[in-house]
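Given next are the chains, with one letter for each unit.
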Amino acid sequence: MTYVITQNCCKDASCVAVCPVNCIHPAPGENAFGSTTMLYIDPKVCIDCGACADACPVDAALPADVLSGADRIYVDLNAEHFARSTEPAGQGASRTDPLFHAWDRPAFDWSLPSDFRGLDVAVVGTGPSGLYAAELLLLHTRSRVTLIDRLPVAGGLIRYGVAPDHPRTKGITHNLGRLYTHPRVRLLLGIDVGADLSVDTLAQHFDAVIYAVGAASGKPLGVPGERLPGNHTAPEVVGWYNAHPDMPADAVRLRDERAVVVGTGNVALDIARILSRDADELARTDMADHALAALRAASVREVVLLGRRGPEHAAYSAPELLALRHLPGVELVIDDTDPRTGEAIDAAPQGSQQDLLRGLPRALLDYSSSPQPGRRIVLRFHSTVERVLGDSVAEGVRLVDGTDVLASPVVSAIGYGGRAIQGLPFEPSTGRVPHVAGRIDGAPGAYAVGWFKRGSTGGIGDNRVDAAETVRTLLDDAIAGRLSTPQRTPRALMRSVRRSHSGLVDATGLDRILSRERARGQASGRPAVKFATVEDLRRASRQR
């Protein structure tokens, strides 16, 4: 029986490198690599060796014969991908002869002078983009890396961005988390670069600094009423249910039987799924205790997802939509008000984005009163928000066609934006730093990776390719002598920070935090119970 890649695929291509028969696509170097929502295993070529499963950092590669229920759909998705694909299996290879390739001229991306001494590099941010960059430096050079994070705990997007009901995706923490105790790695957690520590100070102590600070702010709707309490951006809601210290326990209140989420990307679907799921099922995850309590007390029975354009332009991936289609006890419904929606679905080519909606029930729904009995998620396309309704609190939205959708909370899930760091250039219009191949404009020795570099596009695995580009640029600059010699050493900075910041958390403190969170979870059969405030995290880091 062949192996199949399932929902949690992170696309970091670890599986591609170990496959002995070149059956996983699209692979790096192929046209579709980086643009598909997941990778696929060719069932006609797979030899059932299991190498992909061993290498997968998120346990997404599974034998087809162990899949059951909703997961069986991924067998069909894998087969359909290769039935549609016109791209050959690799550089000049054929699927009938996968072991032989018409190789191009070899390229050695990590070729370095034999006397290259390695560098002292600071990586600001401990999410996947920063950790991929650190991993590349540690694997291919003798460099020393100092990981710095604003929060007193590491993890970034993996810890605070992945939905709690995707535990296998969070499993990438085990792969990248080994870097925290690497002999050439130091940790400075709880230090805010730009506030606690200046960009210039970092430049004085390191050969280079890589900024991997992500995009933590949500894009606003830009309509009247959006400043009302009860109107949120996606990072606020995601941070709330993931126990992010920036989000108080009462930051989100589930006031109504209906919630509305503006957007049709994966984050929008994550929020709709979490608000719709049975709280007892979520109680087996590491979801924030305060969010679990709120869901248990809430009466949310309907979540309406609003898309500005038609289903053919929806930004969600196939796995995330399929997760909604098979959510226990929750019906996924298409709002049939606009005839263009049904027409697009009926005319959808096989395997297209709108084809995923074929067969779903369609209905004309009344959003001016309480939802009908049962629990449902509604996809309503061709719907543009004109304003947020309410006087003292958000009570829903009015659409440009005059429809009122009465709901609370209202969530804007239309994208993320970065934040400026004092001392670095920044483009507010794009929410990212100006750069060339990762080299930050006008800031010698400073580099960027991840969403801070390219904007809020791509998932966890996309950061590996992104980090590789930046690290190549950094090493090219080092070999060409374009990096300045630091005036002081990383060790001197560590001593200075220890004296001036009592809340500093190092590798030992991080291990104490994570160990205590796991212990808290064991008592209730959960993977972990996270500390939800900076004070609690710091206290846990000091307790032996």
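Now for a description of the structure that goes with this document. (Residues numbered from 1 in each chain as written. Predicted model: local features only at pLDDT ≥ 70, side-chain atom pairs only at ≥ 80, totals over all residues. Heavy atoms only, no water.)

## Observations regarding helix 17 (residues 490-500)
- Among the residues making up helix 17, those that are buried are Pro490, Ala492, Leu493, Met494 and Val497.
- Structurally, helix 17 contributes buried residues whose contacts are with strand 5 (120-124), strand 6 (144-149), strand 7 (185-189) and helix 8 (199-205). (Buried < 20%, exposed > 50% of the residue type's maximum accessible area, 1.4 Å probe, protein only. Helix = DSSP H or I, 4+ residues; strand = E, 2+ residues; numbered from the N terminus. Contact = heavy atoms within 4.5 Å.)

## Here's the deal with the packing of aromatic side chains
- Summed over all chains, the structure comprises 2 aromatic pairs.
- Aromatic side chains Tyr416 and Trp451 sit 5.4 Å apart centroid to centroid with 65° between the ring planes, which places their arrangement in the edge-to-face category. A residue pair is termed long-range when its members are at least 10 positions apart, and Tyr416 in strand 20 (residues 416-417) and Trp451 in helix 15 (residues 451-454) qualify at 35 residues. Comparing Tyr416 with Trp451, the two get one shared label, buried.
- When the centroid spacing of 6.3 Å and the interplanar angle of 20° are considered together, the rings of Phe426 and Phe452 count as stacked. In this pair, Phe426 is assigned in the loop between strand 20 and strand 21 (435-436) and Phe452 in helix 15, connecting sequence segments 26 residues apart.
- Accessibility expressed as a relative area gives 21% for Phe426, which makes it partly exposed. (Phe/Tyr/Trp six-rings, centres within 6.5 Å; stacked < 30°, edge-to-face > 60°.)

## Quick word on the sheet that holds strand 16 (residues 385-389)
- Taken together, 3 strands build an open sheet; the order of strands is 16-17-18 and the sheet is antiparallel. Single-partner strands in this sheet number two, and they are strand 16 and strand 18 (404-406). For this sheet the average axis-to-axis angle between neighbouring strands, irrespective of direction, equals 20°.
- Pairing between strand 16 and strand 17 (residues 396-399): 4 bridges, direction antiparallel. When the bridges of strand 17 are listed, Arg387 appears paired with Arg398. (Pairing = 2+ DSSP bridges. Axes fitted to C-alpha atoms, helices over the stretch in contact; angles between N-to-C directions.)

## Some thoughts on helix 14 (residues 339-346)
- Within helix 14 the residues assigned to the buried category are Thr341, Gly342, Ala344 and Ile345. Taken around the axis of helix 14, the buried residues stretch over an arc of 160°, which confines them to a single face. In helix 14, the exposed positions angled more than 90 degrees off the buried face are occupied by Pro339, Glu343 and Asp346. (Arc of directions from axis to C-beta.)

## Some remarks on the sheet that holds strand 13 (residues 331-335)
- The strand order across the open sheet formed by 7 strands is 10-19-11-12-15-13-14, and the pairing between neighbours is parallel. Edge positions in the sheet fall to strand 10 (231-233) and strand 14 (362-363), since each has one partner strand and no second.
- Along the sheet, helix 10 (residues 266-276) makes contact with strand 11 (258-262), strand 12 (302-306), strand 15 (376-380) and strand 19 (410-412), crossing strand 12 at roughly 170°.

## Focus: a positive patch on the surface
- Together, Arg488, Arg491, Arg495 and Arg499 give the surface a local cluster of positive charge.
- Position of Arg499 relative to the elements: it lies in helix 17.
- A residue is classified by how much of its surface remains accessible, and Arg499, at 67% relative accessible area, is exposed. (Patch = residues over 30% accessible without salt bridge, like charges linked within 9 Å, V, L, I, M, F, W, Y side chains within 5 Å. Areas by Shrake-Rupley, 256 points an atom, 1.4 Å probe, with all protein chains shown as cover. Salt bridge = Lys/Arg side-chain N within 4 Å of Asp/Glu carboxyl O. Lys, Arg positive; Asp, Glu negative; His and termini not counted. Charge placed at Lys NZ, Arg CZ, Asp CG, Glu CD.)

## A look at the environment of Val21
- Of note, Val21 is situated in the loop between helix 1 (14-18) and strand 2 (24-25).
- Between the C-alpha atoms of Val21 and Ile47, which are 26 residues apart in sequence, the distance is 7.6 Å.

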